[in-house]
Amino acid sequence: MQTLKVNLGERSYPIHIGEGLLDLPELFAPHIIGRQVAIVSNKIVASLYLERLSHSLAAYSVISVILPDGEINKNWKTMQLIFDALLTARHDRYTTVVALGGGVIGDMAGFAAACYQRGVGLIQVPTTLLSQVDSSVGGKTGINHQLGKNMVGAFYQPQAVLIDTTTLNTLPSRELSAGLAEVIKYGLICDKSFLVWLEKYIDDIRALSQVALTEAISRSNTAKAFVVNADERESGVRATLNLGHTFGHAIETYMGYGTWLHGEAVAVGTVIALEMSQRMGWISIQERNYGIHLFLRAGLPVIPPAEMTEADFLERMIIDKKVIDGRLRLVLLRHIGEAVLTDDYPKEILQTTLRANYNALVHCKS
Ligand code: NAD
Ligand code: GLY
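Residues numbered from 1 in each chain as written. Chains lettered and ligands numbered in written order. Predicted model: local features only at pLDDT ≥ 70, side-chain atom pairs only at ≥ 80, totals over all residues. Heavy atoms only, no water.

The protein goes by 3-dehydroquinate synthase in an unreviewed UniProt entry, where it is assigned to Candidatus Pseudomonas adelgestsugas. Checking UniProt for the protein, the heading Subcellular location (unreviewed entry) contains the comment "Cytoplasm". According to UniProt, the comment filed for the protein under the heading Sequence similarities (unreviewed entry) is "Belongs to the sugar phosphate cyclases superfamily. Dehydroquinate synthase family." (UniProt positions renumbered as here; feature names shortened; annotations may be inferred.)

A. A look at the overall build of the protein. Each helix and strand in the protein was counted, giving 14 helices and 11 strands. The C-alpha atoms of the protein give a radius of gyration of 20 Å, which matches the 21 Å a tight globule of 366 residues would have. Reported as C-alpha extents along the three principal axes, the dimensions of the protein are approximately 60 × 40 × 35 Å. Counting only residues that meet the buried cut, the protein has 58% of its 366 residues in that class. Look at the contacts in the protein between residues 6 or more apart in sequence, and 76% of them connect residues 24 or more apart. Split by element, the accessible area of the protein, about 14,900 Å² in all, is 53% carbon and sulfur. (Helix = DSSP H or I, 4+ residues; strand = E, 2+ residues; numbered from the N terminus. Rg over C-alpha atoms; globule rule 2.2 N^0.38 Å. Buried < 20%, exposed > 50% of the residue type's maximum accessible area, 1.4 Å probe, protein only. Contact = heavy atoms within 4.5 Å. Areas by Shrake-Rupley, 256 points an atom, 1.4 Å probe, with all protein chains shown as cover.)

B. Representation of the sheet that holds strand β2 (residues 13-18) within the structure. Reading across the sheet, the 7 strands line up as β1-β2-β9-β6-β5-β3-β4 and stay open at both edges, with mixed pairing between neighbours. Looking at strand neighbours, the two that pair on one side only are β1 (2-6) and β4 (61-67), the edges of this open sheet. The sheet shows a mean angle of 20° between the axes of neighbouring strands, taken without regard to direction. Helix α3 (residues 76-88) rests against β3 (36-42) and β4 of the sheet, and its axis sits at about 160° to β4. Together, β3, β4, β5 (96-101) and β6 (121-126) form the strand contacts of helix α4 (residues 103-115), whose direction differs from that of β5 by roughly 170°. (Pairing = 2+ DSSP bridges. Axes fitted to C-alpha atoms, helices over the stretch in contact; angles between N-to-C directions.)

C. Broad picture of the packing of aromatic side chains. Evaluation of the coordinates by the stated rule reveals 3 aromatic pairs. Relative to Tyr201, the ring of Trp197 lies with its centre 5.0 Å away and its plane at 35°, an arrangement referred to as tilted. Of this pair, Trp197 and Tyr201 are both found in helix α7 (residues 192-206), 4 residues apart, which corresponds to roughly one turn of the helix. A residue is classified by how much of its surface remains accessible, and Trp197, at 14% relative accessible area, is buried. Tyr201 gets classed as partly exposed once you look at its relative accessible area, which sits at 28%. Ring pairing ties together the aromatic residues Phe194, Trp197 and Tyr201, which thus form one cluster. Taking NZ or CZ as reference, Lys185 lies 5.0 Å from the ring centre of Tyr186, over its face. For the cation-ring pair, Arg334 lies above Trp282, with the distance from its terminal atom to the ring centre recorded as 4.0 Å. (Phe/Tyr/Trp six-rings, centres within 6.5 Å; stacked < 30°, edge-to-face > 60°. Lys NZ or Arg CZ within 6 Å of the ring centre and 35° of its normal.)

Written as structure tokens, this is what we have:
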């Protein structure tokens, strides 16, 4: 097992990464202060892993809250089910919420833990690649609004993150690819050498090699923890973790939550960011194509939905947490391995980027 640490003073916590961690009660015990535990999961994940997790938590009084699956259910109505269960079982303010599932479960259970009796214990047990490399770490929790993705939520750090890498053995390959979008993101924003490594091992990751997966998860979390340690509340550098997300969130919202997977929308959003960075004269055509090639190798889409117009993008992009006083700030690439948050770009470049013919761009040789 490897252990990384998020360093936030008295709110610091470990990220344990390894095989079979679900079965190790000793990893949970130091982070549970009361006798009550509420495992929040969904039907799919619960059918696979709830029994094992419950066994590891047998020393506590445990309830399980099984939510409907999917991005489409990441909303107030579903959140309410968590509060209903906690109150019905008379859980007090020393209860611990254990989030067992992907990013949707982690974000909702985390938000519920932040709100219930003004804040209770939280342990993240992520079971998708995306949640193991990104969403379970850093304390962003929340739900979607019909008008905007993740627009309602709270910063609320867990007491621990337990990543059992063998849970990925049951993950559908489309979901694994979606997680790779966030892995590639770390390389693009801050670690070019990680991209070189990924080029070499991406097929091993897709073939579920535990060695390659563990390395990818560990390197991703090292990058994430570094950024979160520096800027927990996203007043600066943390925004770079949102590379491709402003465009991607517009796709998710326009297409209807769950139609495109979050990671798929992020992949296409990042291709748009690569294209805009190239049009800004910051990266070369070869560098743009290098990024696109990685997403293709990860099995991800790289072309925006044909039905979305420039206006469709702009209308949704303006509902974004990086907007200040109506100014749309974007994360772009100065270089491969160096991202910037900026509102200093010609509007016409954004417009022509959104109008670009991505079909032609992806298939051209350059
Ligand atoms: P998800 O939670 O919807 O999980 C994807 C699917 O895989 C679901 O159907 C789920 O039931 C299933 N699943 C989960 N684990 C499984 C397993 N081990 N075996 C088989 N099936 C399994 O999607 P996701 O990609 O994990 O997360 C996406 C969400 O994360 C989005 O809502 C996004 O906004 C959020 N997110 C949050 C942050 C953050 O910092 N908080 C960062 C990135 C993404
Ligand atoms: N996933 C972006 C962040 O945690 O800031």
